[in-house]
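Commentary on secondary and tertiary structure
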Amino acid sequence: MSALVQSHAAKALPDGEWDPYVILGLVAPATVKQVRDAYRRLAKAVHGDAGGDDAAFLALKEAHDFLLDPVSRELWDRQKIRATNEMRRQSTETLKALCELVVHNIINGNQPPEYADIPKMVRTELRKQLEELARIENQTKREKRQLQLLEGRVRRKNSGENLVAVVIGRRIAAADERLLKVADETLLGRVMLAEMDSYQADIPDAYARSARTDTSSRSFYPNLGSIWS
C-alpha cells in the first residue's frame, strides 16, 4: 500500500485496525464534501497512472464509498460497526424473522396489543443473544488456552503419528473456527441492535409509566431461541 495511505493509518491505528476516516486522513465526523475532497486528493497520488499501487487505491475507494453510504456511516459513527452490504442484508432478513416471531407471540399471548413494545422486545432478545455469544466466546478462549498448554507436551518415543498431538491440533482448529463464527454472529447481532435503536413504539402514557416500575412486564418477552438458527 502507498506510504501516503499507510502514514494516515499508522498515526491513529498502530494495531492495524480499519478506520475509514483515518484512511482518508480525516477526523470524525467529516462532511460529505470533506470525504469527497480527501478521496480525490489522495486518489491522484496513489492511482496506478501516477505510479501508485492498486491496494492503496482500493483502500481509499472502500473508505470513500463506506462513508458516503448513510446507513454504514451511521453505524460506524455511533458504534464503530463496519457493516458490509451483505451483513446489512443478513441483518434485515434476520430481523424480519425475529419481528415475525415477536408479533406471533403477542397475538397468541395475553398481552394487550396496544401495550406491546415490539422494538423493546426485539432489543431485549438481541441483548440476550449477544450475552450468550460473549459467554461462548469466553469459554472457547479458555478452552483454547488450556489446549495450547497441552500442545507439544507429549511426544512419541518411536516413529509414527503422534495421535495426542493430532487430537489437540484438531481441537485447537475447532476452537478457532468456533471463535470466527461467534465473531461473525456477534457483529450481526450488533448491526441488528443498532438498526432496532431507530424504532420506537407508541405506548399509552399511563402504561409506559407503570412499565418502567413494574418488572412483571418482563414476562411478556418471548423466549425465541437462537436468532441465527
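What counts and what doesn't
Residues numbered from 1 in each chain as written. Predicted model: local features only at pLDDT ≥ 70, side-chain atom pairs only at ≥ 80, totals over all residues. Heavy atoms only, no water. pLDDT = per-residue confidence, 0-100. Helix = DSSP H or I, 4+ residues; strand = E, 2+ residues; numbered from the N terminus. Contact = heavy atoms within 4.5 Å. Phe/Tyr/Trp six-rings, centres within 6.5 Å; stacked < 30°, edge-to-face > 60°. Buried < 20%, exposed > 50% of the residue type's maximum accessible area, 1.4 Å probe, protein only. Lys NZ or Arg CZ within 6 Å of the ring centre and 35° of its normal.

Moving on: the confidence of the model for the protein. Reading fine detail from the predicted coordinates is not recommended where pLDDT is low. Model confidence for the protein is summarised by a mean pLDDT of 80, while 79% of its residues fall at 70 or above. The secondary structure element of the protein with the lowest average pLDDT is helix α1 (residues 3-12), at 44, and the one with the highest is helix α7 (residues 118-150), at 94. For the stretch residues 4-15, pLDDT sits under 50, and the model shows 16 contacts to residues farther than four places along the chain or on other chains.

So, about the packing of aromatic side chains. A full pass over the atoms with the stated rule returns four aromatic pairs. Between Trp18 and Trp76, the aromatic rings sit 5.4 Å apart at their centres with planes inclined by 85°, giving edge-to-face as the arrangement. Within this pair, whereas Trp18 is found in the loop between α1 and α2 (20-23), its partner Trp76 is found in helix α5 (residues 70-79), the two being separated by 58 residues in sequence. Of the residues examined, Trp76 reaches a relative accessible area of 5% and is grouped as buried. Here the aromatic rings of Tyr39 and Phe57 are separated by 6.4 Å at their centres, their planes lie at 45°, and the arrangement is tilted. With Tyr39 in helix α3 (residues 32-46) and Phe57 in helix α4 (residues 54-68), the pair connects residues that are 18 residues apart, well separated along the chain. Under the relative-accessibility criterion, Tyr39 is labelled buried at 14%. One aromatic cluster in this structure is built from Trp18, Phe66 and Trp76. For the cation-ring pair, Arg82 lies above Trp18, with the distance from its terminal atom to the ring centre recorded as 3.8 Å.

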